[in-house]
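Listed below, chain by chain, are the residues.
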Amino acid sequence: MTPFLQNSPKLIKIDLSQNNLSEGFESLVNALDGGSINDLTLDHCSITDASFLGNVTLTCIKKISLWNNNIQNIGGDMSSYTTLESLNLDKNRIGVDGCRAIAHLLQKEDTNLTTLRLEYNGIGDEGMEILTNSLKHNKKLNRLYIKGNCLQAMGYLAILKLLVDVSSIENTYNNSNHTLKTLDFDMNPPVRSDERIVKKMKALKWFITVFTTLNKQQHHP
Amino acid sequence: MVHYCLYHIKQTTASPLNLVYAQLISQHRKKLCDIQGIEYSYESIFSEIDPPLLPEVLSFVALAQFRGKNSLLQTQTELFRMLVTVAPDLSSIVNRPVSLKERIVDNEAQVIALGIEREQKVADINAKYEREVAVLNAKRLEMKRELEALQTGEKTKDKEAQEDEKLSGKKRNRS
């Protein structure tokens, strides 16, 4: 298959979902290096290591879907993927390192990523803080899906601070994210069944919903 | 109105709704400060407003408080509460005699300005009155002349008719 891919300069879309690519993923990615592929779908392919993506240059890539693999390593840096508009990593195990790699891309001024799916990835509060820090000045990402992760109050607090930092007018105005319009999340039951924590988490959920709704209503010049 | 007011705080239209909801409505700001572990006070918002913009900001405190039809502004705004809190301090530093003298001077200037305005208006009304009266007089004169002309013409016709009748009577008698 590698020679075919290397000699198909007009190939722009590949969907090899539901094939076992645990061994062949590296060869596949290397074959695509420098090509004009813009849509790569490899859902349910038993891929565990996606770090090879960091070794190649996909200058036209707009959509990558790696749904329901078992990816635990997506490489140290995804910052070269600035053309990417949609990244689906639902149902993997990217953890903190994965969040860090994606954060590099989200921090870039020329990023084009508008949709990021990270549902069921074992992301905890630390990973969420890394993501929210990278989104502070991001003006592209407007859909973030983070259902089914292990977030607790600190993680939700990081999200709320991202949407509205009330420490000053300046921070509410210039250092909060007004781009994120869809934030799909669920509320995990708190680890400590402290009534105060439960109440706080409810309030966090309420305010996160309010501010994403306000972002939707917002008119941006 | 909110958008207009916030425009004066910072001349950009980015995200005013979030700012109003989070910073200018007391209940929300208090809860958000509590959740984010930030010390809350009415005055803290005060120091962040540029002094040159303060009159604008204070002017819309009143507008927001009394004219607001938006449901967001039905509740007390943070700025209003802030103002209530600091009002006694602000009043105490005002130099009352100087302030009163300035207001008296302002008052006198207003009276003079009103007098000038009144004189101007009276002059305008008089000029307009004279113009309209002159037009009406001219019209009346014209109508009178027309009437006279008509009456003079009728009298001449009557005389001629009478003379014609007299001549025809004489002719009949001779025959």
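What you see is a predicted model, and the numbers here were worked out from it, not measured in a lab. (Residues numbered from 1 in each chain as written. Chains lettered and ligands numbered in written order. Predicted model: local features only at pLDDT ≥ 70, side-chain atom pairs only at ≥ 80, totals over all residues.)

Participant: Any chance you could break down the overall build of chain B for me, citing the residues and the numbers?
Facilitator: Assigned secondary structure in chain B consists of 6 helices and 0 strands. Written out in order from the N terminus, the α and β elements of chain B read α-α-α-α-α-α. By the burial criterion, 14% of the 175 residues in chain B qualify as buried. Once local pairs closer than 6 in sequence are excluded, the contacts in chain B between residues at least 24 apart make up 58%. (Helix = DSSP H or I, 4+ residues; strand = E, 2+ residues; numbered from the N terminus. Buried ≥ 20, exposed ≤ 12 C-beta atoms within 10 Å, placed from the backbone. Contact = placed C-beta atoms within 7 Å.)

Participant: Account for the overall build of chain A, naming residues and giving values.
Facilitator: When you go through chain A residue by residue, the secondary structure sums to 7 helices and 7 strands. Ordered by position from the N terminus, the helices and strands of chain A form the series α-β-α-β-β-β-α-β-α-β-α-α-β-α. In chain A, once contacts between residues fewer than 6 apart in sequence are set aside, the share between residues at least 24 apart is 73%.

Participant: Help me get a handle on the confidence of the model for chain B, residues and values and all.
Facilitator: All names here are of chain B. For chain B, per-residue confidence averages 75 on the pLDDT scale, and residues scoring 70 or more make up 60% of the total. Here helix H1 (residues 2-9) stands out as the element of chain B with the lowest mean pLDDT, 44, in contrast to helix H6 (residues 96-174), whose mean of 89 is the highest. The low-confidence segment residues 1-15 (pLDDT under 50) makes 26 contacts with residues lying over four places distant or belonging to another chain. Prediction confidence for the complex, expressed as pTM and ipTM, is 0.68 and 0.81 respectively. (pLDDT = per-residue confidence, 0-100.)

Participant: Go over the packing of helix H3 (residues 95-107) of chain A against helix H4 (residues 125-135) of chain A, please, and point to the residues and values.
Facilitator: Residue and element names in this part refer to chain A. Contact geometry of H3 with H4 gives a least axis separation of 8 Å together with a crossing angle of 0 degrees. By the angle between their directions, the pair H3 and H4 is classed as roughly parallel. The segment H3 lies against H4, with Gly 95, Val 96, Cys 99, Arg 100, Ile 102, Ala 103, Leu 106 and Gln 107 engaging Glu 126, Gly 127, Ile 130, Leu 131, Ser 134 and Leu 135. Taken together, the residues that form the contact of H3 with H4 break down as 8 nonpolar, 4 polar and 2 charged. (Axes fitted to C-alpha atoms, helices over the stretch in contact; angles between N-to-C directions. Parallel < 35°, antiparallel > 145°, perpendicular 65-115°, else oblique. Nonpolar A, V, L, I, M, F, W, Y, C, P; charged D, E, K, R; others polar.)

Participant: Describe the environment of A:Ile37, with residues and values.
Facilitator: All names here are of chain A. Its location among the elements puts Ile 37 in the loop between helix H2 (25-32) and strand S2 (39-41). Placed 32 residues apart in sequence, Ile 37 and Leu 5 show a C-alpha to C-alpha distance of 9.9 Å. Residues within four places of Ile 37 in sequence aside, it is in contact with Leu 11, Ile 12, Ile 14, Leu 32, Leu 58, Cys 60 and Ile 61.

Participant: Explain H6(B) to me, and be specific about the residues and the numbers.
Facilitator: Structural remark: α-helix, 3.6 residues per turn; residues separated by three or four positions point the same way. Relative to the 117 Å expected for 79 residues at 1.5 Å per residue, H6(B) spans 117 Å between its end C-alpha atoms, a close match to the ideal helical length. The buried fraction of H6(B) amounts to 0 of the 79 residues, a small share that puts the element mostly on the outside. (Expected span 1.5 Å × (residues − 1).)

Participant: Requested: an account of the nonpolar core, with residues and values cited.
Facilitator: Formed by 67 residues in total, the largest nonpolar core has its most connected members in A:Ile102, A:Tyr156, A:Ile159, A:Leu160, A:Leu163 and A:Ile208. When residues of this core are traced back to their parent elements, those giving at least two are H2, H3, H4, helix H5 (153-163) and helix H7 (195-217) of chain A together with helix H2 (16-24) of chain B. Discounting chain neighbours no more than four positions away, the residues touching A:Leu163 are A:Ser176, A:Asn177, A:Leu180, A:Ile208, A:Phe211 and A:Thr212. (Core = buried A, V, L, I, M, F, W, Y, C linked by C-beta atoms within 7 Å.)

Participant: I'd like to hear about unusual backbone geometry, residue by residue, with values.
Facilitator: Apart from glycine, the bulk of residues carry a negative phi angle, and the bulk of peptide bonds sit in the trans form. All names here are of chain A. Here the phi dihedral of His 44 falls at roughly 55 degrees; this positive angle occurs in a residue that is not glycine. Overall, the presence of 15 C-beta atoms within 10 Å leaves His 44 in the partly exposed class. Even without glycine at this site, Lys 91 takes up a positive phi of about 55 degrees. Following the sequence through the fold, Lys 91 ends up in the loop between strand S4 (86-88) and H3. Judged by the 19 C-beta atoms lying within 10 Å of it, Lys 91 falls in the partly exposed class.

Participant: Would you mind going over H7(A) in detail, with residue names and values included?
Facilitator: With 23 residues, H7(A) extends 33 Å between its outermost C-alpha atoms, agreeing within 8% with the 33 Å of an ideal straight helix rising 1.5 Å per residue. Taken as a whole, H7(A) has its buried residues at A:Leu204, A:Phe207, A:Ile208, A:Phe211, A:Thr212, A:Leu214 and A:Asn215.

Participant: Please provide a residue-by-residue account of the sheet that holds strand S3 (residues 63-65) of chain A, values included.
Facilitator: Residue and element names in this part refer to chain A. Reading across from one edge, S1-S2-S3-S4-S5-S6-S7 is the order of the 7 strands in this open sheet, with parallel pairing throughout. The sheet is open, and its two borders are formed by strand S1 (13-15) and strand S7 (182-184), each paired with just one other strand. Across the sheet, the mean angle from the axis of one strand to that of its neighbour is 5 degrees, orientation sign disregarded. (Pairing = 2+ DSSP bridges.)

Participant: Describe the packing of H7(A) against helix H3 (residues 26-36) of chain B, with residues and values.
Facilitator: Where H7(A) contacts H3(B), the axes come no closer than 11 Å and their chain directions differ by 125 degrees. Judged by the angle between their axes, H7(A) and H3(B) are oblique. As for how H7(A) packs across H3(B), the hand of that crossing is left-handed. When H7(A) is examined against H3(B), the residues A:Lys200, A:Ala203, A:Leu204 and A:Phe207 are found in contact with a partner set consisting of B:Lys31, B:Leu32 and B:Ile35. Its residues assigned to classes, the contact of H7(A) with H3(B) shows 5 nonpolar, no polar and 2 charged. (Left-handed = near helix turned anticlockwise from the far one by under 90°.)

Participant: Tell me about the confidence of the model for chain A, residues and numbers included.
Facilitator: Fine structural detail should not be taken from predicted coordinates in areas where pLDDT scores are low. Scored by pLDDT, chain A has a mean of 89; 95% of the residues are at 70 or more. Within chain A, strand S5 (residues 115-117) of chain A carries the highest mean pLDDT (97), whereas helix H1 (residues 2-6) of chain A carries the lowest (78).

Participant: Account for the environment of A:Leu16, naming residues and giving values.
Facilitator: Residue and element names in this part refer to chain A. Relative to the assigned elements, Leu 16 resides in the loop between S1 and H2. Separated by 29 residues in the primary sequence, Leu 16 and Cys 45 have C-alpha atoms spaced 7.9 Å apart. Setting aside residues up to four positions removed in sequence, Leu 16 forms contacts with Leu 21, Leu 42 and Cys 45.

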